Amino acid sequence: ARIAGLSALISSGVAKTTASSTSTGTSAPFGQGKPGTAAALAAAEAANSQIAQAQDQKALQAKRVEAAKLAANLSKEFVRKQIDFQDERLLRQLVKKGLKYDISWQKAYQEFCKDNRLSPAFEGAKTMPKDMIATFVEQNIANSINQPWAQKVLSGKDKKEKKDKKDK
């Protein structure tokens, strides 16, 4: 610690290095008066700097991971507030459109059905109990909320488009 402190003082210019007198026959402790010692101190300082920098990188990475987790949780909370999980028609519409347009939604649906011992047939979504549909949507909508099909269902544009087609 003392060497590191001295090297920091030397490198900052606060303390100066002086050559010790070899004519007296006394040597400085730890070889401070020998040539090349300043280089050794500089190397030690560089190693300490690299260790500190690596620790800073790890701390920064840990903060980034924590921030990403927090953002994901906030995103899920936002989605939960955006969707009315009591609206069975909306939930079934989300499942139907997701199964039609999104491969990752299809895989998640099949996995959900397998885990809950339900029929993985896409038509099974019509007869699945409301609480199971709500659970599936809650678990998987965060991954697909930005997909065009989900945005259409949630905004009601899908219904508007159907009415416009009927009117023509």
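The model shown is predicted, which means the values in this text are computed figures rather than measured ones.

(A) Structural view of the packing of helix H3 (residues 88-101) against helix H4 (residues 103-115). The N-to-C vectors of H3 and H4 enclose an angle of 115 degrees; their axes lie 6 Å apart at closest approach. Relative to H4, H3 is oriented so that their crossing is left-handed. Of the residues in H4, those touching H3 at Leu94, Val95, Gly98, Leu99, Lys100 and Tyr101 are Ile103, Trp105, Gln106 and Tyr109. Here the residues of the contact of H3 with H4 sort into seven nonpolar, two polar and one charged.

(B) How the structure looks around helix H7 (residues 148-155). Those residues of H7 that fall on the buried side of the exposure criterion are Trp149, Ala150 and Val153. Each buried residue of H7 lies within a common arc of 95 degrees when the element is viewed along its axis, so the set occupies one face. Summarising the contacts, the buried residues of H7 are in contact with H3, H4 and helix H6 (130-144). With its phi angle positive at about 85 degrees, Gly156 sits one or two positions after the end of H7.

(C) Main features of the environment of Ala125. Relative to the helices and strands, Ala125 is located in helix H5 (residues 124-127). By relative accessible area, Ala125 is classed as buried at 9%. Along the primary structure Ala125 and Cys113 are separated by twelve residues, whereas in three dimensions their C-alpha atoms are 9.8 Å apart. Once residues within four sequence positions are removed from consideration, Ala125 is found in contact with Arg92, Val95, Leu99, Tyr109 and Ile133.

(D) Representation of the packing of aromatic side chains in the model. If you walk through the whole model with that rule in mind, you get four aromatic pairs. Ring centres of Trp105 and Phe136 lie 4.9 Å apart, and the angle between their planes is 80 degrees; this geometry places the pair in the edge-to-face category. Here the residue Trp105 occupies a position in helix H4, and Phe136 occupies one in helix H6, the gap between them amounting to 31 residues. On the basis of relative accessible area, Trp105 is assigned to the buried category, the value being 1%. On the basis of an interplanar angle of 85 degrees and a centroid distance of 5.5 Å, the ring pair of Tyr109 and Phe136 is categorised as edge-to-face. With Tyr109 in helix H4 and Phe136 in helix H6, this residue pair connects regions lying 27 residues apart in the sequence. Take Tyr109: its relative accessible area is 0%, and that puts it in the buried class. One aromatic cluster is present, formed by Trp105, Tyr109, Phe112, Phe136 and Trp149 through successive ring pairs.

Cut-offs used in this document
- Residues numbered from 1 in each chain as written.
- Predicted model: local features only at pLDDT ≥ 70, side-chain atom pairs only at ≥ 80, totals over all residues.
- Heavy atoms only, no water.
- Axes fitted to C-alpha atoms, helices over the stretch in contact; angles between N-to-C directions.
- Helix = DSSP H or I, 4+ residues; strand = E, 2+ residues; numbered from the N terminus.
- Left-handed = near helix turned anticlockwise from the far one by under 90°.
- Contact = heavy atoms within 4.5 Å.
- Nonpolar A, V, L, I, M, F, W, Y, C, P; charged D, E, K, R; others polar.
- Buried < 20%, exposed > 50% of the residue type's maximum accessible area, 1.4 Å probe, protein only.
- Arc of directions from axis to C-beta.
- Phe/Tyr/Trp six-rings, centres within 6.5 Å; stacked < 30°, edge-to-face > 60°.

Read these as geometric descriptors, not functional statements.
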